[in-house]
Amino acid sequence: MSLPVLRTDRLVLRPLTAGDEERLVTAFAGEGLDGSPYTSVDLADPEALRALLTMNLVEQRTDGLGHCVFEVDGVAAGFGHLSAFRQFPPPFLSMGWAIGGGYRGKGLATEAVQALLQHAHDTVGAPAVWALIHPDNLPSKRVAERAGFVNVGWQEKLGQSVEVHVSLRPSRTQPRRLVRT
């Protein structure tokens, strides 16, 4: 199973395709975008974004993981990924997300991240999902917190310190009531 189409109240999250490159370049271009200083790639640079998306298209998954586009009314608003990551031991997963400038501040990233987390925990069965977030990236830190991630420390990535946030699979059992005897 590849990453399935996921639906929320306002979004469709579907697997990334080659046809999405120009749609995402449009979402990340233009006025009001700060060049995404918190990612390893300048998402406002069309060539850098195309290269990143092309690299992600090569990956063919059969485990319910992969890269996806976030669509609002059929328009690409951002993208994300749910994947195994060599910095974390299996069966733990990593997650990342990015929302184009015109779609920020509307709760769409939180909605997308919550849908990906539910899929990761309930369908894939991941006990934990990690997100690495630059310490100055306050919007992504707020998204992570609203989606249920907890900041558990930091690590070095690409020569920078990043915060490590984790979401643990929710328990589906009722807590036991302790009775004093």
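Each remark here, short or long, concerns the structure printed above.
On a predicted model such as this, the values are computed, not experimentally measured, just so you know.

## With respect to the side chain of S167
Along the chain, S167 falls in strand β8 (residues 160–168). Among the polar contacts listed, one links the side chain of S167 to the side chain of H121, at a separation of 3.0 Å. Discounting residues that sit within four places of it in the chain, S167 has contacts with L117, H121, P127, A128, V129, G148 and F149.

## Things to note about the packing of helix α1 (residues 20–28) against helix α2 (residues 46–57)
Between α1 and α2, the least distance of the axes is 10 Å, while the angle of their chain directions is 140 degrees. By the angle between their directions, the pair α1 and α2 is classed as oblique. In the packing of α1 onto α2, the handedness of the crossing is right-handed. Contacts from E21, E22, L24, V25 and F28 of α1 reach α2 at P46, L49, R50, L53, T54 and L57. Of the residues in the contact of α1 with α2, the class split is 7 nonpolar, 1 polar and 3 charged.

## Description of the pattern of salt bridges
If you walk through the whole model with that rule in mind, you get 8 salt bridges. Salt-bridge contacts for R50 lead to E47; the nearest nitrogen and oxygen are separated by 2.6 Å. Taken as a pair, R50 and E47 lie in helix α2 at a separation of 3 residues, close to a single helical turn. Exposure remark for E47: the relative accessible area of 53% places this residue in the exposed category. The shortest N-O distance in the salt bridge between E163 and K141 comes to 3.1 Å. Within this pair, whereas E163 is found in strand β8, its partner K141 is found in helix α4 (residues 138–147), the two being separated by 22 residues in sequence.

## Quick notes on the environment of D45
Among the structural elements, D45 can be located in the loop between α1 and α2. Linking D45 and F28, residues 17 residues apart in sequence, is a C-alpha distance of 8.3 Å. A polar side-chain atom of D45 sits 3.1 Å from the main-chain amide nitrogen of E47.

## A few points about the packing of aromatic side chains
Per the stated rule, a full pass over the model turns up 3 aromatic pairs. Look at F28 and F79: their rings are 5.6 Å apart centre to centre, the planes differ by 65 degrees, and that puts the pair in the edge-to-face class. Here F28, found in helix α1, pairs with F79, found in strand β4 (residues 75–84); they are 51 residues apart in sequence, far enough to count as distant. On the accessibility criterion, F28 (1% relative accessible area) is buried. When the ring of F92 is compared with that of W130, the centres are 6.4 Å apart and the planes differ by 85 degrees; the resulting orientation is edge-to-face. Taken together, the residues span a long stretch of sequence, with F92 in the loop between β4 and β5 (93–99) and W130 in strand β6 (residues 128–133) at a distance of 38 residues.

## Remarks on the nonpolar core
L13, M95, W97, V129 and F149 are the most contacted members of the largest nonpolar core, which totals 30 residues. Put simply, the parts of the chain that give this core at least two residues each are β3 (66–72), β4, β5, α3 (108–124), β6 and α4. When residues of this core are assigned to their parent elements, the largest contribution, 8 residues, is made by α3. Ignoring sequence-local partners within four residues, the contact set of V129 consists of L82, L93, S94, M95, L117, A120, H121, F149, H165, V166 and S167.

## Remarks on the pairing of strand β2 (residues 12–15)
Walk down a regular strand and you will see the side chains alternate between the two sheet faces. Summarising the sheet, strand β1 (residues 6–7) and β2 pair through 2 bridges and their orientation is antiparallel. Counterpart to R7 in the pairing with β2 is V12. As consecutive antiparallel partners, β1 and β2 are separated by 4 residues.

Parameters at a glance
- Residues numbered from 1 in each chain as written.
- Predicted model: local features only at pLDDT ≥ 70, side-chain atom pairs only at ≥ 80, totals over all residues.
- Heavy atoms only, no water.
- Helix = DSSP H or I, 4+ residues; strand = E, 2+ residues; numbered from the N terminus.
- Polar contact = N/O pair within 3.5 Å; in protein donor to acceptor, adjacent residues only side chain to side chain.
- Contact = heavy atoms within 4.5 Å.
- Axes fitted to C-alpha atoms, helices over the stretch in contact; angles between N-to-C directions.
- Parallel < 35°, antiparallel > 145°, perpendicular 65-115°, else oblique.
- Left-handed = near helix turned anticlockwise from the far one by under 90°.
- Nonpolar A, V, L, I, M, F, W, Y, C, P; charged D, E, K, R; others polar.
- Salt bridge = Lys/Arg side-chain N within 4 Å of Asp/Glu carboxyl O.
- Buried < 20%, exposed > 50% of the residue type's maximum accessible area, 1.4 Å probe, protein only.
- Phe/Tyr/Trp six-rings, centres within 6.5 Å; stacked < 30°, edge-to-face > 60°.
- Core = buried A, V, L, I, M, F, W, Y, C linked by side-chain atoms within 4.5 Å.
- Pairing = 2+ DSSP bridges.

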